Amino acid sequence: MADRTDTPCDLMLFGALGDLAMRKLFPALYQLDRAGLLADNSRILALARRPLTIDPFRQQLAENLRTLVPEAEQNPEVIDRFIGRVDYLQLDFAEESRFESLNEWRNHDNQLIVYMATPPGLYGVIARNLKAGNCCTDRTRVVVEKPIGHDLESSRVVNDELGEVYQETQLFRMDHYLGKETVQNLIALRFANNLFASQWDQNHISHVEITVAESVGIEGRWGYFDRAGQLRDMVQSHLLQLLCLIAMDPPSDLSPDSIRDEKVKVLKALKTVNPDSVGQNVVRGQYTAGTSEGKPVPGYLEEEGANRSSETETFVAIKAELDNWRWAGVPFYIRTGKRLPEKLSQIIIHFKPAPHYIFDPDQKHLANNKLIIRLQPDEGMALKILTKEQGLDKGMRLRQGPLELTFSETFSEDRTPDAYERLLWEVMRGNQYLFLRRDEVEYAWRWVDRIIRNWHDSGEPPKRYAAGTWGPVASIAMITRDGRSWYEDV
Ligand SMILES: NC(=O)C1=CN([C@@H]2O[C@H](COP(=O)(O)OP(=O)(O)OC[C@H]3O[C@@H](n4cnc5c(N)ncnc54)[C@H](OP(=O)(O)O)[C@@H]3O)[C@@H](O)[C@H]2O)C=CC1
Ligand SMILES: O=C1O[C@H](COP(=O)(O)O)[C@@H](O)[C@H](O)[C@H]1O
C-alpha cells in the first residue's frame, strides 16, 4: 500500500464490541499489521460497555478474525502479535470520572488516535470527557463515523461539540466509500488521463448515472435505519461523494484542501430540489416481500423489530442537476436501494454522439460512447466504442464493443485492500485527503434536508417495490421521461 509509518500509535477504539468495529475495523487493523504497517510499539485500547476482562475479549477477537479474514490471509503468528497489542477496558462513555484511567493507559510518546465507532450523539460527550481526563493533546487525531448528525442542524451541533475540543486539522470524518480503491481511481482516471480531461463537460457528456445497489436488507439494524432511511444513510454521504469526484474541477494538487475545495464547489452548485420538482425528480421506495438470491425474504415492515406503519424509504432515485458552467444541462441520475437484485456499484458516463451521423439510421441509438466504471464487485472499467461489423456482407454496419480493464485480471498480483485498511492507514499517516471537511458535510445535509422537507410536505408515502427488483417503476419512469433508460449490461 505504502511505506509504514515509524511512529507508534495508541489507538483508542470506542464502541469496540459494535458491528463496525468487529466486522470492519479489527480485521482492517490486523491486515495492516500483517502488511508490516503497524510500528512495533503500536497498541489498541478496545473500549466498550460490556463487563469483560482482557482474556475473554482477546478470545472473542481471535475468533472474529478467524471468521472474517480470508483463510489464505490468516497468519497465526501475526494474529497472536496483533491480539497482543489489544487491551480491553469496560467503560460507559458518558461517565467522565473514568476517563482519567485512559490517560494512565497511554504511552505519551505514541501518536494518539481516537476512533469513535459509536452513535454520533456520543461524539461530543466522548471528546469532552477525554479532555476532562487529560487525554487530549493538539497532536491527537480523531476519527468520527458517518452520519454526522441527522440533518444540517444536528450535524452543526456535533461539529461544534467536536470543534470545542479539536482543531479541524485533527478531525478525520469517515466516508468509507472514499477508502475504496476504485473510488480513489476516479481521481486517477480523471486527472491522470488527458484523453478524458478534455471530454469531461456538457459539450461532450449527455448524462451520468450513479447506481449503488445492495442486495441485503436491514441486517438487524432496523432501529438505526428506520430513523435514517436510504437518503440520509447512503445519498448524503456515499452517493454525493461519488457525484463530487465525477463532477469536480481538477484540483491544483492532491492536498486535502485542494480536493475538498473542489468537492465543496460541486455541492454548492447542486440545484435545490423544490416542491414543484420533487414529485418528478425524486422517487422514494420501500421494499415489500420478495426474493433475494433465490430465497423468499420479508418486506421492510415485516423485518425483525419493525414498526409496521413506518414510511422510511429503503430506495431512492434522484435526477440531480448542477448549476455551473461545466455541467449545465447534464442530469446526474442517481439511485440506491436495499434488497435490489444484486450488489452493484457503478457509474456510467454517457457521451454525446458525434455532431453529424453518417451511418445506418436504424443504428443511431448506438451512436454514443459510454464509460462504465465498476466500483464493486468485479472492479474495473469499460469504454464502449463503436466499430464496424466484420464481413463482406455487413457494409458499414456498426457494433458497440468494450475496451475493457478488469483490475483482477490486469493487475492480478495486487491484493485489493478493504476501504477501512486504507483509511486507518491514512489516519496513522495524518493525511486528511480521503476524509470530509466540515463544510462538505454541511452542504450535503443542506441539499438532502430540502428533499426531506418536500417529501414531508407532499405527504406522499414511499412507493412499494418487491424485494429482488430494481425499485419502484416510478424510478424507471423518471429517466424514461427524458428519453433515456438505466444502463443494463447486455
Ligand atoms: N456498522 C456499519 O457497517 C457502519 C456503521 N457506521 C457508523 O459507525 C458507528 C457505529 O456503528 P455500529 O458499530 O453499527 O453500531 P453498534 O450499535 O453495533 O455499536 C455501537 C457500540 O457503541 C456502544 N455504546 C453505545 N453507547 C455507549 C455508552 N454510553 N457507553 C459505552 N458504549 C456505548 C454500544 O454498546 P452496547 O452494545 O453495549 O450498546 C455498541 O457496542 C455509527 O455511527 C454508525 O452510523 C458507518 C458505516 C457503516
Ligand atoms: O454506510 C453504509 O454503507 C453500507 C454499504 O457499504 P458497502 O461498502 O457494502 O457498499 C450500507 O449497507 C449501510 O446501510 C450504510 O450505513
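Residues numbered from 1 in each chain as written. Chains lettered and ligands numbered in written order. Predicted model: local features only at pLDDT ≥ 70, side-chain atom pairs only at ≥ 80, totals over all residues. Heavy atoms only, no water.

Colleague: What am I meant to see in empty space enclosed by the protein here?
Modeller: A probe as big as a water molecule, rolled over the atoms, marks out the empty space that is left. Considering all chains together, one arrives at 4 cavities of 30 Å³ or more under this definition. Its boundaries defined by the atoms lining it, the largest cavity holds a volume of some 70 Å³. If you go around the largest cavity, the residues you meet are Lys146, Pro147, Ile148, Arg173, Met174, Asp175, Gln236, Ser237, Leu436 and Val441. Considered class by class, the residues forming the lining of the largest cavity number 5 nonpolar, 2 polar and 3 charged. (1 Å grid on protein atoms, 1.4 Å probe; cavity = no way out; pocket = protein on both sides within 12 Å on 5 of 7 lines; lining within 4 Å. Points joined across faces, edges and corners; volume = space filled by probe spheres on them. Nonpolar A, V, L, I, M, F, W, Y, C, P; charged D, E, K, R; others polar.)

Colleague: Looking at this structure, how should I read the site of ligand 1?
Modeller: Taken together, 19 residues are adjacent to ligand 1, and Asp19, Leu20, Arg23, Arg49 and Thr118 come closest. Measuring from an oxygen atom of ligand 1, one finds a side-chain N or O atom of Tyr123 at 3.4 Å. Protein contacts shield 77% of the accessible area of ligand 1, which totals 880 Å² for the unbound molecule. Here the shell around ligand 1 takes 3 residues from helix α1 (residues 19-34), the largest share from any one element. Its residues assigned to classes, the shell around ligand 1 shows 10 nonpolar, 3 polar and 6 charged. (Near = heavy atom within 4 Å. Polar contact = N/O pair within 3.5 Å; in protein donor to acceptor, adjacent residues only side chain to side chain. Areas by Shrake-Rupley, 256 points an atom, 1.4 Å probe, with all protein chains shown as cover. Helix = DSSP H or I, 4+ residues; strand = E, 2+ residues; numbered from the N terminus.)

Colleague: Just checking my understanding: could you explain helix α5 (residues 123-132) for this structure?
Modeller: Working note: α-helix, 3.6 residues per turn, so residues spaced by three or four point in the same direction. Looking at α5, one finds that the buried residues are Tyr123, Gly124, Ile126, Ala127, Asn129 and Leu130. The inward-facing, buried residues of α5 contact β1 (9-14), α4 (100-105), β4 (111-116), β5 (141-144) and α6 (152-165). Two residues or fewer after α5 comes Asn134, characterised by a positive phi angle close to 60°. (Buried < 20%, exposed > 50% of the residue type's maximum accessible area, 1.4 Å probe, protein only. Contact = heavy atoms within 4.5 Å.)

Colleague: Can you help me understand the packing of aromatic side chains in this one?
Modeller: Any two aromatic rings considered together are summarised by their centre-to-centre distance and by the angle between their planes. Going through the model one piece at a time under the given rule, you end up with 15 aromatic pairs. Note on Phe14 and Phe93: the rings are 5.0 Å apart at their centroids and 80° apart in plane angle, and the pair reads as edge-to-face. Taken as a pair, Phe14 in strand β1 and Phe93 in the loop between β3 (86-90) and α4 lie far apart in primary sequence, 79 residues in all. Assigned by exposure class, Phe14 and Phe93 land together as buried. Among the aromatic side chains, those forming a connected cluster through ring pairs are Trp222, Phe225, Tyr287, Tyr300, Phe315 and Tyr465. Positioned above the aromatic ring of Tyr177, the side-chain terminus of Lys180 is 4.6 Å from the ring centre. (Phe/Tyr/Trp six-rings, centres within 6.5 Å; stacked < 30°, edge-to-face > 60°. Lys NZ or Arg CZ within 6 Å of the ring centre and 35° of its normal.)

Colleague: What exactly am I supposed to notice about the sheet that holds strand β16 (residues 398-406) here?
Modeller: Backbone hydrogen bonds hold the strands of a sheet together, and the pairing may be parallel or antiparallel. The strand order across the open sheet formed by 9 strands is β16-β15-β14-β13-β7-β12-β11-β8-β17, and the pairing between neighbours is mixed. Bordering the open sheet on either side are β16 and β17 (463-466), each of which pairs with just one other strand. Between one strand and the next, the sheet's axes are offset by a mean angle of 20°, whatever the strand orientation. Pairing between strand β8 (residues 282-288) and strand β11 (residues 315-320): 4 bridges, direction antiparallel. The partner of Val282 across the bridge, within β11, is Ile318. Docked against the sheet, helix α9 (residues 222-247) engages β7 (205-213), β11, β12 (332-337), β13 (344-351) and β14 (370-376), running at close to 145° with respect to β12. In this fold helix α15 (residues 473-480) packs onto β8, β11, β12 and β17, with an angle of close to 10° to the strand it touches most, β11. (Pairing = 2+ DSSP bridges. Axes fitted to C-alpha atoms, helices over the stretch in contact; angles between N-to-C directions.)

Colleague: How do you make sense of the site of ligand 2 when you look at a structure like this?
Modeller: Looking at ligand 2, the residues that line it are Lys146, His176, Tyr177, Lys180, Glu214, Arg221, Asp233, Met234, His238, Lys338, Lys343 and Gln376. Here an oxygen atom of ligand 2 and a side-chain polar atom of Lys180 are 2.6 Å apart. One of the side-chain nitrogen or oxygen atoms of Arg221 is found 3.1 Å away from an oxygen atom of ligand 2. Computed on the free molecule, ligand 2 has an accessible area of 390 Å², of which 80% lies beneath the protein chains in the complex. Top contributing element to the shell around ligand 2 by residue count: α9, with 3 residues. Across the shell around ligand 2, the residue classes break down as 2 nonpolar, 3 polar and 7 charged.

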